[in-house]
Amino acid sequence: MKVDRLVSIIMILVDKERVGAQELAEMFEVSPRTIYRDIDSINLAGIPIRSTSGVGGGFEIMQNYKMDKKVFSSTDLSAILMGLSSVSNLVRGNDLVNAMAKVKSFMPADRAKDIEVKASQLHIDMSPWTGNRTIQPYLEMIQTALLKSQLLSFDYADSHGNKTSRIVEPYQLVLKGGHWYWQGYCHERKDYRLFKLTRMTNLQLLEKTFVPREYQKPQLEFNDVLTTMQVEITLRVHRSVMDQVLEYCAYENFSTDGEEYYIARFPFIENDYSYNILLSFGNRCECLEPKHIREGMRRRVQEMSELYWD
């Protein structure tokens with residue numbers, strides 16, 4: 001992880017008066033050329049590093065520049081630790097553990113307890129209560145492929161269940177709407193694709209590496225498009241499933257209908273996915289209008305019922 005390495009180099013240079021490129025290269029198991037690039041990045045970030053050649057030469061932070069640990073407030077350090085802790089629950093790895101340890105080294109002893117308390121006030125855990133147990137090992141495998149620019153092979157099922165074998169260059173992990181995806185360049189499709197982890201099987205990390213190409217970020221925002229596709233339908237919702245309906249509909253869209261029910265103005269797109277959402281509420285939710293959506297629900301319920309008649 002490059003950011004982790006840069007932070008480590010800065011901390012080493014703060015602790016030591018001068019360190020050689022070869023020593024740093026051996027320490028981080030990279031080439032001296034990579035270390036020189038890292039030093040350039042640190043300089044661009046505003047921390048002046050001076051290089052001296054010859055016997056006893058190396059890199060050092062210019063003497064007139066001082067890194068003050070107080071540059072981070074308690075709020076700053078709490079926010080950083082909160083973010084790192086949340087990520088560590090999603091993607092495991094020694095890099096994150098090391099990064100957290102380094103951030104904690106900036107904590108003054110008299111503020112350490114207060115910072116730790118604030119950092120623990122938010123906990124993000126996206127791991128499922130039950131379900132697909134391959135997500136975590138797949139995340140770790142993809143993370144390794146990203147770091148080392150290694151190809152990944154896997155079988156992939158599309159939304160209709162059609163399965164294909166893929167070899168892909170990984171470029172980015174994406175957490176969107178509570179689901180994990182990753183963006184990569186697919187050798188079969190000759191283009192970038194966004195893959196959903198739950199549709200993958202037989203994921204393998206190949207020994208073959210690739211030279212990263214110019215990366216195209218995935219399109220993740222569709223609010224404008226979805227707004228034009230949505231229609232508003234009226235639901236009668238029992239209070240026992242209100243919590244489920246609130247996952248898709250704002251509380252302001254609800255009005256009471258007696259003691260047990262609510263009337264909800266529900267945003268709806270006419271496709272199988274949205275119909276399946278309504279079906280998931282069972283007999284505790286009724287679509288009142290428009291008529292053609294209600295008819296679509298009736299037809300789907302009838303087809304489902306026929307599956308269970310001998």
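The structure we're discussing is the one just above.
Residues numbered from 1 in each chain as written. Predicted model: local features only at pLDDT ≥ 70, side-chain atom pairs only at ≥ 80, totals over all residues. Heavy atoms only, no water.

(A) Region of interest: the sheet that holds strand E9 (residues 254–257). Strand order in the open sheet made by the four strands is E9-E10-E8-E11, with antiparallel pairing throughout. In this open sheet, the two edge strands, each paired with only one partner strand, are E9 and strand E11 (285–289). Taking the axes of each pair of neighbouring strands and ignoring which way they run, one obtains an average angle of 35° across the sheet. As paired strands, strand E8 (residues 231–238) and strand E10 (residues 261–268) are joined by eight bridges and run antiparallel to one another. Within the sheet, the bridge partner assigned to Val237 lies in E10 and is Tyr262. Helix H10 (residues 272–280) contacts E8 and E10 of the sheet and is inclined by roughly 165° relative to E10. Across the sheet, helix H11 (residues 291–306) is in contact with E8, E10 and E11; its angle to E11 comes to roughly 145°. (Pairing = 2+ DSSP bridges. Helix = DSSP H or I, 4+ residues; strand = E, 2+ residues; numbered from the N terminus. Axes fitted to C-alpha atoms, helices over the stretch in contact; angles between N-to-C directions. Contact = heavy atoms within 4.5 Å.)

(B) The arrangement of the pattern of salt bridges in detail. Under the defined criterion, the tally for this structure stands at twelve salt bridges. Two residues, Arg50 and Glu60, come together in a salt bridge whose shortest N-O distance is 2.9 Å. Residue Arg50 is located in strand E1 (residues 49–52), and its partner Glu60 is located in strand E2 (residues 58–61); the two are separated by ten residues in the primary sequence. Note on Arg50: relative accessible area 37%, which makes it partly exposed. Exposure remark for Glu60: the relative accessible area of 2% places this residue in the buried category. (Salt bridge = Lys/Arg side-chain N within 4 Å of Asp/Glu carboxyl O. Buried < 20%, exposed > 50% of the residue type's maximum accessible area, 1.4 Å probe, protein only.)

(C) Quick peek at the sheet that holds strand E7 (residues 200–209). Here five strands make up an open sheet; going across it, the order is E6-E5-E4-E3-E7 and the pairing antiparallel. Among the strands making up the open sheet, the edge pair consists of strand E6 (191–196) and E7. When strand polarity is set aside, the average angle formed by the axes of neighbouring strands in this sheet is 45°. Both strand E3 (residues 150–157) and E7 contribute to a ladder of five bridges, which runs antiparallel. When the sheet's bridge partners are listed, Ser153 is paired in E7 with Gln204. Its contacts with the sheet put helix H7 (residues 135–148) on E3, strand E4 (163–176), strand E5 (179–186) and E7, and the angle it makes with E7 is roughly 20°.

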